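Each chain is listed here by its residues.
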Amino acid sequence: MLSAYTSTSDSGLFAAALLGLFGVVLEGLACFGVYRLMAAKSPKYAHRYRSGIFGYLMFCACGFHVPVCAAVFLMKHGLSEALLTQYSAYFLMPPLVLFWIFFFVLVMTQIVAF
């Protein structure tokens, strides 16, 4: 899965992690514009949507995107596949599961509200 990115330079991996971090945060903050549209007409859905935004902000950027770039960096520099699998199980799976729960809440609330 990650072997396609092992030819990327270290500075490229750092840039991908940093740009992804800022991009995800900006996207999450932009969702607050949709939240403001929702708040006046439907406070119940707006509250759920805001919870989804907070979960998205917490678990996507630092919980998932940056650790994936770190896994590519570790694989590129010779970390064994067994240790990389263990790293993924301990540090990538929990935020990934939490991200998808909050993302599902975010998207389903937006679909139902509109």
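Residues numbered from 1 in each chain as written. Predicted model: local features only at pLDDT ≥ 70, side-chain atom pairs only at ≥ 80, totals over all residues. Heavy atoms only, no water.

What to know about the state of the cysteines
The tally for this structure, following the rule as stated, stands at zero disulfides. For C31, which is in no disulfide, the shortest distance to another cysteine sulfur is to C60 and amounts to 11 Å. Look at C31 and you get buried, because its relative accessible area is 16%. The thiol of C62 is not disulfide-bonded; the next cysteine sulfur, from C60, is found 9.8 Å away. (Disulfide = S-S within 2.5 Å. Buried < 20%, exposed > 50% of the residue type's maximum accessible area, 1.4 Å probe, protein only.)

Let's talk about a nonpolar patch on the surface
Where nonpolar side chains cluster on the molecular surface, the patch consists of M93, V97, L98 and I101 and spans about 340 Å² of accessible area. By the element assignment, I101 lies in helix α4 (residues 81-113). I101 gets classed as partly exposed once you look at its relative accessible area, which sits at 48%. (Patch = residues over 30% accessible without salt bridge, like charges linked within 9 Å, V, L, I, M, F, W, Y side chains within 5 Å. Areas by Shrake-Rupley, 256 points an atom, 1.4 Å probe, with all protein chains shown as cover. Salt bridge = Lys/Arg side-chain N within 4 Å of Asp/Glu carboxyl O. Helix = DSSP H or I, 4+ residues; strand = E, 2+ residues; numbered from the N terminus.)

As for the nonpolar core
Residues C31, Y35, M38, A46, Y49, I53, L57 and L106 constitute the largest nonpolar core, which totals eight residues. Counting residues per element, the ones that place at least two in this core are α1 (10-41) and α2 (43-59). If one sorts the elements of this core by residue count, α2 sits on top with four residues. Setting aside anything within four residues of it in sequence, one finds Y35 in contact with A46, Y49, R50 and I53. With seven residues, the next largest nonpolar core counts L21, V24, C60 and A61 among its residues. (Core = buried A, V, L, I, M, F, W, Y, C linked by side-chain atoms within 4.5 Å. Contact = heavy atoms within 4.5 Å.)

Considering the environment of F99
Position of F99 relative to the elements: it lies in helix α4. A relative accessible area of 9% means that F99 is categorised as buried. Residues F99 and S9, spaced 90 residues apart in sequence, show a C-alpha to C-alpha distance of 28 Å.

Quick look at the confidence of the model for the protein chain
Mean pLDDT for the protein chain: 89, with 97% of residues reaching 70 or above. Mean pLDDT values over the elements of the protein chain span from 85, in helix α3 (residues 61-76), up to 93, in α2. (pLDDT = per-residue confidence, 0-100.)

A few points about the packing of α2 against α3
Interaxial distance between α2 and α3 falls to 4 Å at its minimum, and their mutual angle equals 30°. Relative to α3, the element α2 lies roughly parallel. From α2, Y56, L57, M58 and F59 reach across to α3, where they touch A61, C62, G63 and F64. Looking at the contact of α2 with α3 residue by residue, the class counts come to seven nonpolar, one polar and no charged. (Axes fitted to C-alpha atoms, helices over the stretch in contact; angles between N-to-C directions. Parallel < 35°, antiparallel > 145°, perpendicular 65-115°, else oblique. Nonpolar A, V, L, I, M, F, W, Y, C, P; charged D, E, K, R; others polar.)

Looking at the packing of aromatic side chains
Within this structure, the stated rule accounts for nine aromatic pairs. Here Y56 and F99 contribute two aromatic rings whose centre-to-centre distance is 5.7 Å and whose plane-to-plane angle is 40°, an arrangement assigned as tilted. Remark: F99 occurs in helix α4 and Y56 occurs in helix α2; sequence separation between them is 43 residues. The pair Y56 / F99 is uniform in exposure class, with both members buried. Through a chain of ring-to-ring contacts, the aromatic side chains of Y56, F99, W100 and F103 assemble into a single cluster. Cation over ring: K44 sits above Y45, and NZ or CZ is 5.3 Å from the ring centre. (Phe/Tyr/Trp six-rings, centres within 6.5 Å; stacked < 30°, edge-to-face > 60°. Lys NZ or Arg CZ within 6 Å of the ring centre and 35° of its normal.)

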